[in-house]
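One letter stands for each residue in the lines below.
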Amino acid sequence: MKAYKLKFQSSFHIDAGSAVDGPSETFIHSDTLFSVLVSASRKFYGDDVAEKFLEPKAVILSSAFPFYKDELFFPKPLNFFPEDLKAYEMIKVFKKAKFISEEHLQKILSGEKIEDQYFSKDFILNGCWRVNMNAETSEEEDKIFEEREVPHTVMDRITNQTQIFYKTEVYFNKNAGLFFIAEVKDDLLPNFETVLRFLGDEGIGADRTIGKGFFEVEEIQNFSLANHTESEYYYLLSLYSPTKEEFEKIEPKKSYYDFTIRGGWISNKTLNRKSLRMFIEGSVLKVKDKQKPFGCLHKVLERKDYENDLLFDIYRSGQALFLPVFGGLDGKN
């Protein structure tokens, strides 16, 4: 298991919906990250390495979540919400907190109590629940990222009339960015890391041709998470699409989860990929046999159906990273 920081050199926009001029995601879902890495591998190495990336369990990624200075943030487990919050304002603040620090996460997963001092808005920054208190005054504002509405123009090819539209772009603090976790087959790891750095030079998201989405890569040294122990419950770090066998082993009434529908267009094409319903990051699933799930890849467009438009089949990854859960299953702490 490896982890990598993505330190953005420019803003990025990743569509949060079907419209290119809509809001942007502030993190990168695992299926998007997997797809752009496979695409970059085709461009850098050719089809042989890309097809190896597409083999089952060859490359399994978490989604890319925020980091700030030395703090790593993970999706808030959907089974957790502190029951003893009295102030209405604090209830609203915690509902909006999407991510929690690694230290808080480890305590929640193991059933340990989080100290009362952390249940304060002084420890929540940009929807991230920290272990370090937010700075009250500093030369540089204490923030992880900000979203800006940036104007763009489009010209009608027939009338030559222009129209202004606005697109949300995400700007990270110089001490912040995104990080993700990867489980990669040993023989593919050198190729994977080369492709990841190549992707940083290519950019991710919209408007890459004008310098958006560029990043530098930094491996997180000595990174480790407890992920080898069996458990009845597993916490999800990626989007997840189970195999039929895995789906039949999930106990929905004893799980905490939500879904998202993933679709979208092929870049530079008018082809719409088949939509998939997937478990979201932060879901906590109970499985019958204590075996950690892995999920599967889906072929969402086949070349044989679009021979004039596609050079290869298009896949979406529903393979996922999970962590075992040992406490806090009733949503309390």
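From a predicted model like this one, the values you see are computed outputs, not experimental measurements. (Residues numbered from 1 in each chain as written. Predicted model: local features only at pLDDT ≥ 70, side-chain atom pairs only at ≥ 80, totals over all residues. Heavy atoms only, no water.)

A. How the structure looks around the environment of phenylalanine 214. As for its placement among the helices and strands, phenylalanine 214 is situated in the loop between α5 (189-202) and β11 (215-219). The spacing of phenylalanine 214 and glutamate 202 is 12 residues in sequence and 6.6 Å in space, taken between C-alpha atoms. (Helix = DSSP H or I, 4+ residues; strand = E, 2+ residues; numbered from the N terminus.)

B. The sheet that holds strand β15 (residues 284-286), seen in detail. Read across the sheet, three strands follow the order β15-β12-β18 without closing on themselves; strand pairing throughout is antiparallel. Looking along the sheet, the strands with just one partner apiece sit at the ends: β15 and β18 (322-325). The sheet shows a mean angle of 35° between the axes of neighbouring strands, direction not considered. Summarising the sheet, strand β12 (residues 233-236) and β15 pair through three bridges and their orientation is antiparallel. (Pairing = 2+ DSSP bridges. Axes fitted to C-alpha atoms, helices over the stretch in contact; angles between N-to-C directions.)

C. Quick peek at the nonpolar core. By size, the foremost hydrophobic cluster in this structure holds 78 residues, and its most contacted members are Trp129, Phe180 and Phe192. If you look at the next biggest cluster of nonpolar residues, it comprises nine residues, including Leu236, Val287, Ala320 and Phe322. (Core = buried A, V, L, I, M, F, W, Y, C linked by side-chain atoms within 4.5 Å. Buried < 20%, exposed > 50% of the residue type's maximum accessible area, 1.4 Å probe, protein only.)

D. Unusual backbone geometry, seen in detail. Its identity is not glycine, yet asparagine 126 carries a phi of approximately 50°, on the positive side. Mapped onto the elements of the fold, asparagine 126 is located in the loop between β6 (124-125) and β7 (128-129). Phi is positive for asparagine 160, close to 65°, though the residue is something other than glycine. With respect to the helices and strands, asparagine 160 occurs in the loop between β8 (145-155) and β9 (162-172). Relative accessible area serves as the criterion here: at 51%, asparagine 160 is assigned to the exposed category.

E. Molecular detail of the pattern of salt bridges. Within the structure shown, the criterion is met by 19 salt bridges. As a salt-bridge pair, aspartate 31 and arginine 316 come within 2.5 Å of each other at their nearest N and O atoms. Note that aspartate 31 is positioned in helix α1 (residues 30-44) and arginine 316 in strand β17 (residues 314-317), a separation of 285 residues in sequence. Residue class for aspartate 31 comes out buried when judged on its relative accessible area of 0%. Relative accessible area serves as the criterion here: at 3%, arginine 316 is assigned to the buried category. Through salt bridges with shared partners, one network takes in Glu232, Glu251, Lys254 and Lys286. (Salt bridge = Lys/Arg side-chain N within 4 Å of Asp/Glu carboxyl O.)

F. Representation of the packing of aromatic side chains within the structure. Applying the stated rule across the entire model yields 28 aromatic pairs. Seen from their ring centres, phenylalanine 65 and phenylalanine 99 are 5.9 Å apart, and the 50° between their planes marks the pair as tilted. Within this pair, whereas phenylalanine 65 is found in strand β3 (residues 65-68), its partner phenylalanine 99 is found in strand β5 (residues 99-101), the two being separated by 34 residues in sequence. Accessibility assignment for this pair places phenylalanine 65 and phenylalanine 99 in one class, buried. For the ring pair phenylalanine 180 and phenylalanine 192, a centre distance of 6.4 Å and an interplane angle of 70° mean the geometry is edge-to-face. Linking phenylalanine 180 in strand β10 (residues 176-184) with phenylalanine 192 in helix α5, this pair joins segments that are 12 residues apart in sequence. Residue classification places phenylalanine 180 among the buried positions, given a relative accessible area of 0%. Owing to a relative accessible area of 1%, phenylalanine 192 belongs among the buried residues under this scheme. By way of ring pairs, the aromatic residues Tyr234, Tyr240, Tyr257, Phe259, Phe279 and Phe322 are connected into one cluster. (Phe/Tyr/Trp six-rings, centres within 6.5 Å; stacked < 30°, edge-to-face > 60°.)

G. Layout of α1. Over its 15 residues, α1 extends 21 Å from the first C-alpha to the last, a length consistent with the 21 Å expected when each residue adds 1.5 Å. Those residues of α1 that fall on the buried side of the exposure criterion are Ser30, Asp31, Leu33, Phe34, Leu37, Val38, Ala40, Ser41 and Arg42. Trailing α1 by a residue or two, glycine 46 shows a phi angle of about 105°, which is positive. (Expected span 1.5 Å × (residues − 1).)

H. Seen up close, the confidence of the model for the chain. Summary statistics for the chain give a mean pLDDT of 85 and a share of 90% for residues scoring 70 or more. The least confident element of the chain, judged by mean pLDDT, is helix α3 (residues 88-96) at 73; the most confident is strand β2 (residues 59-61) at 95. (pLDDT = per-residue confidence, 0-100.)

I. Layout of the packing of α1 against α5. Look at α1 against α5: their axes get within 9 Å of each other, and the N-to-C directions meet at 95°. What the angle tells us is that α1 and α5 run roughly perpendicular. Of the residues in α5, those in contact with Val36, Leu37, Ala40, Ser41, Lys43 and Phe44 of α1 are Phe192, Thr194, Val195, Leu196, Phe198, Leu199 and Glu202. Tallied by class, residues from the contact of α1 with α5 come to nine nonpolar, two polar and two charged. (Parallel < 35°, antiparallel > 145°, perpendicular 65-115°, else oblique. Contact = heavy atoms within 4.5 Å. Nonpolar A, V, L, I, M, F, W, Y, C, P; charged D, E, K, R; others polar.)

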